[in-house]
Structure formats: structure tokens, C-alpha cells
Amino acid sequence: MTKSTATMQMPAPASQQGPPPPSQLIDAKIAELKDWRGATLAKVRALIRQADPDVVEEVKWRGVPVWEHAGIICTGETYKSAVKLTFLKGAALEDPAGLFNASLEGNARRAIDLHEGAVIDEEAFKALIRAAVALNMSKAAKPKKSPSTGHKI
């Protein structure tokens, strides 16, 4: 056998590969919870993906899962007694099923607090996700105004 002149590329050491993708960080967070909160976060994550197959997962603010599409849809914070799904523009969304049960006093945000044993109306939740995406898309499509003149650019 002859020696090949091609060089074999070795994978970079883990320290040089950069951080893992957000989806892996969310997987790890779910796995580390090891209780109803992990199962609940996994369930709502699956529903979000079903409602919006083009959703982008991020991890921000010290490990908080964030789902985005033309802007933030919602965040998924975990606390000792609740999984909190905060919709940044929730006050602008119709909620005919009454899913929002927290952060109701604000001008912009609305949240859904899920406690142990809670059952979420899956179809209503997916409709809320789709409405949040539609709202983000409508805001993204509008022309921006110049901060100095107020004219559309």
C-alpha cells in the first residue's frame, strides 16, 4: 500500500469547537430537571415545534429556552413550582381559551404558568403560538421609520 498524500483532518478539540447548538442546550436542561418540570418543558417544546415547524430555538438569559420566528414568540422558564411560558407580545394576542394566567397586568407580556399535574389545551396552545408568529411576521413586514425624521425608510 502506498501512503496517501491527502491529509486527514482531525476534529478540533472540544475547547475549540464553540458552544453546543441551542437545541442541545435545551435537551440538556430538560434532562437535568428529572421531574415533572422537565416533562412539561419537553411537552410544550414539542407543541411549539408542531405549531411552527420553522421555529428557531435559542438559549438566553442564563440558560432560558427561547422560541423565535421573526422575533421572540415565548420563553420557557422553570421554577420550583412552575414552568412559565412568557409571551413577549402576549397582551396583543387573542386568548379565547384563557390560557394566559400570569403576568396579566403588563402592557405587553402575558404568561402561562404550568404547575405540576396541569393539563394544557394543546390545540388552543398551538393556536396561540401560530398567532404569536403571525403577529411577529406582521411587525417584521412593516417598514421601519427613521428615528431622526419619523419618515419610512
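None of the values given here were measured: they were computed from a predicted structure. (Residues numbered from 1 in each chain as written. Predicted model: local features only at pLDDT ≥ 70, side-chain atom pairs only at ≥ 80, totals over all residues. Heavy atoms only, no water.)

Give a detailed account of helix α1 (residues 22-33), specifying residues and quantitative values.
Spanning twelve residues, α1 covers 17 Å between terminal C-alpha atoms, matching the ideal 16 Å at 1.5 Å per step. For α1, every residue scored as buried is listed here: Ile-26, Lys-29, Ile-30 and Leu-33. Buried residues in α1, looked at end-on, bunch into an arc of 95 degrees, giving them a common side. As for α1, its buried residues are in contact with α2 (36-51), β1 (56-60), β2 (64-68) and β3 (72-78). Phi for Lys-34, located one or two positions after α1, is positive at around 55 degrees. (Helix = DSSP H or I, 4+ residues; strand = E, 2+ residues; numbered from the N terminus. Expected span 1.5 Å × (residues − 1). Buried < 20%, exposed > 50% of the residue type's maximum accessible area, 1.4 Å probe, protein only. Arc of directions from axis to C-beta. Contact = heavy atoms within 4.5 Å.)

Can you explain the pattern of salt bridges? Please cite residues and give values.
With the rule as written, the count across this model stands at seven salt bridges. Two residues, Arg-37 and Asp-35, come together in a salt bridge whose shortest N-O distance is 3.1 Å. Taking the relative accessible area as the measure of exposure, Arg-37 reaches 17% and is therefore buried. Relative accessible area serves as the criterion here: at 31%, Asp-35 is assigned to the partly exposed category. Note that Arg-49 is salt-bridged to Glu-57, the shortest N-O span being 3.0 Å. Exposure remark for Arg-49: the relative accessible area of 39% places this residue in the partly exposed category. One connected set of salt bridges, linked through shared partners, spans Arg-45, Arg-49 and Glu-57. (Salt bridge = Lys/Arg side-chain N within 4 Å of Asp/Glu carboxyl O.)

Any chance you could break down the packing of aromatic side chains for me, citing the residues and the numbers?
Aromatic ring pairs: the centre-centre distance and the angle between the two ring planes describe each pair. Here the structure, examined in full by the defined rule, presents two aromatic pairs. Geometrically, the ring pair formed by Phe-87 and Phe-100 is edge-to-face, given 5.3 Å between the ring centres and 75 degrees between the ring planes. Of the two residues, Phe-87 is situated in strand β4 (residues 83-87) and Phe-100 in the loop between β4 and β5 (110-114); the sequence distance between them amounts to 13 residues. You'll find Phe-87 and Phe-100 in the same group, each marked buried. An angle of 80 degrees between the planes, with centres 6.4 Å apart, marks the rings of Phe-87 and Phe-125 as edge-to-face. Here Phe-87 is found in strand β4, whereas its partner Phe-125 is found in helix α3 (residues 122-141), with 38 residues between them in sequence. There is no split in this pair, since Phe-87 and Phe-125 are both buried. One aromatic cluster is present, formed by Phe-87, Phe-100 and Phe-125 through successive ring pairs. (Phe/Tyr/Trp six-rings, centres within 6.5 Å; stacked < 30°, edge-to-face > 60°.)

Account for the nonpolar core, with residues named and values stated.
Of all hydrophobic cores here, the largest spans 29 residues; its most connected members are Ile-73, Phe-87, Ile-112, Phe-125 and Ile-129. For this core, the secondary-structure elements that each account for two or more residues are α1, α2, β3, β4, β5 and α3. Per-element accounting of this core gives the leading share, seven residues, to α3. Ignoring sequence-local partners within four residues, the contact set of Phe-125 consists of Val-44, Leu-47, Ile-48, Leu-85, Phe-87, Leu-99, Ile-112 and Ile-120. (Core = buried A, V, L, I, M, F, W, Y, C linked by side-chain atoms within 4.5 Å.)

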